[in-house]
Amino acid sequence: MTHMQSPTDPAQQVIPAQDTIMQTIIIVGYGAMARAITYGLSCIGKYRLEMCGRDVSKAQMLINEFALKNATAIALESSSSSQCDSSHNTLESAQSNALSIDIQDKIVFLCVKPYGLSSFHYVGRAKAVYSVLAGVSVATLQSHISAQAYIRLMPNVAASQLDSATAAFCVNADMKQAREICESFGSVVFVEDEKLIDASIATSGSSPAFLALIAQALVDSGVRAGLKREDSFKLVAQTLQGVGSLMYVKNRTPQEIIDMVTTPGGTTIEGLAVLESSGVRGAIMRACQASVSKATSAQVALDSPAQDSPSKESQ
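Residues numbered from 1 in each chain as written. Predicted model: local features only at pLDDT ≥ 70, side-chain atom pairs only at ≥ 80, totals over all residues. Heavy atoms only, no water.

Notes on the nonpolar core
To be explicit about the condition: Here, nonpolar core refers to any group of buried Ala, Val, Leu, Ile, Met, Phe, Trp, Tyr and Cys residues whose side-chain atoms link them within 4.5 Å. Accessible area is worked out with a 1.4 Å probe on protein chains only. A residue is then buried under 20% of its type maximum, exposed over 50%, and partly exposed in between. By definition in these notes, contact holds between two residues if any of their heavy atoms fall within 4.5 Å.
With 35 residues, the main nonpolar core has Ile-25, Phe-109, Tyr-130, Ile-151 and Leu-153 as its most contacted residues. With residues near it in sequence (within four places) discarded, Ile-25 still touches Leu-41, Tyr-47, Arg-48, Leu-49, Glu-50, Ile-107, Phe-109 and Ile-181.

The following block contains the structure:
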């Protein structure tokens, strides 16, 4: 459950002057990540948003939820009933019943599951394509959709609070615009090698779940020691926020923070000795590597019949 506020306050949602030519961003999908990104983009206030997917009513519900200005839900037609130029599409026969999306001169944000990419037929040439599709390479995107630029993203669950740590790999992108768009829902680190998008699963993609597991253990430990669960939860939550602030704002390294807390013969070093003897550091590194390996070895079969009834995707 997210806690994003509706950007109805003029200070939150800027409406450009009527004579301003607005760039259109079309967002494909209406799930949790699409909601977070849509909200962030609406706060910029300089883009006209189009929402689409297989169910136009869900796109409209998202627009209504945030009382979005300059946003429209787009009803899609089957490509079999529309006159489309399919010269760029390598999966024409498989996509004969795909829904057509007009992307000409627009910025496209792909927020569907990876297997959903081939559910749509992209008509025209986009200004840029932003993709949060896990395991889908730029080369695969290029085989499905024509664009001047491609930006592959690995955001995380904190995008729902406009606080994502996002890794981005760009091909022919307007870097100023790419930074502006990515920072609308958090912070961004641009990587020079596409393989590093998968590597970022260790640092920011899957790591929120690992940190949450550790946080849960800390909460339970507080309860075990006698604290009320709600008090333990608050203390752990604030502690995580404080450590994050020391790292991000004060630029303290994790080791520096450990040294700040640890005193000779004190309580903290006793606990650290137990964690080290239990191999916790190595276990975390192995867990991260397992997640990265899963991403790099998984081949997204976009045109596979087995994808008709897919299991839930996970980062």
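Details of the environment of Leu-272
Defined as follows: Working definition: helices are DSSP H or I runs of at least four residues, strands are E runs of at least two. Numbering for both runs from the N terminus.
Mapped onto the fold, Leu-272 is located in helix 9 (residues 267-277). Placed 14 residues apart in sequence, Leu-272 and Ile-258 show a C-alpha to C-alpha distance of 9.3 Å.

Some remarks on the sheet that holds strand 13 (residues 186-190)
The following threshold applies: A pair of strands is considered paired only if DSSP assigns at least 2 bridges between the two. Orientation is described by lines fitted to C-alpha atoms, with helices fitted over the stretch in contact, and by angles between N-to-C directions that extend from 0 to 180 degrees.
In spatial order, the strands read 3-2-1-6-9-11-12-13; together these 8 strands make up an open sheet with mixed pairing. Only two strands of the sheet have a single neighbouring strand rather than two, namely strand 3 (71-73) and strand 13. Adjacent strand axes in the sheet meet at a mean angle of 20° when their direction is disregarded. The sheet contact formed by strand 1 (residues 23-28) and strand 6 (residues 107-110) spans 4 bridges and is parallel. Note that in strand 6 the partner of Ile-27 across the bridge is Phe-109. Each of strand 2 (47-52) and strand 3 is contacted by helix 2 (residues 56-65), which is oriented at about 155° to strand 3, the strand it contacts most. Together, strand 1, strand 2, strand 6, strand 9 (128-131), strand 11 (150-154), strand 12 (164-171) and strand 13 form the strand contacts of helix 4 (residues 175-182), whose direction differs from that of strand 13 by roughly 145°.

Notes on helix 1 (residues 32-44)
The cut-off we apply is this: Take the residue count of a helix, subtract one, and multiply by 1.5 Å to get its expected span.
Its 13 residues place the ends of helix 1 19 Å apart at the C-alpha level, agreeing with the 18 Å of an ideal helix rising 1.5 Å per residue. Residues Ala-34, Arg-35, Ala-36, Ile-37, Thr-38, Tyr-39, Gly-40, Leu-41 and Ser-42 constitute the buried set of helix 1. Buried positions along helix 1 lie against strand 1, strand 2, helix 2, strand 6 and helix 4. Positive phi appears at Gly-45, one or two residues downstream of helix 1, with a value of about 80°.

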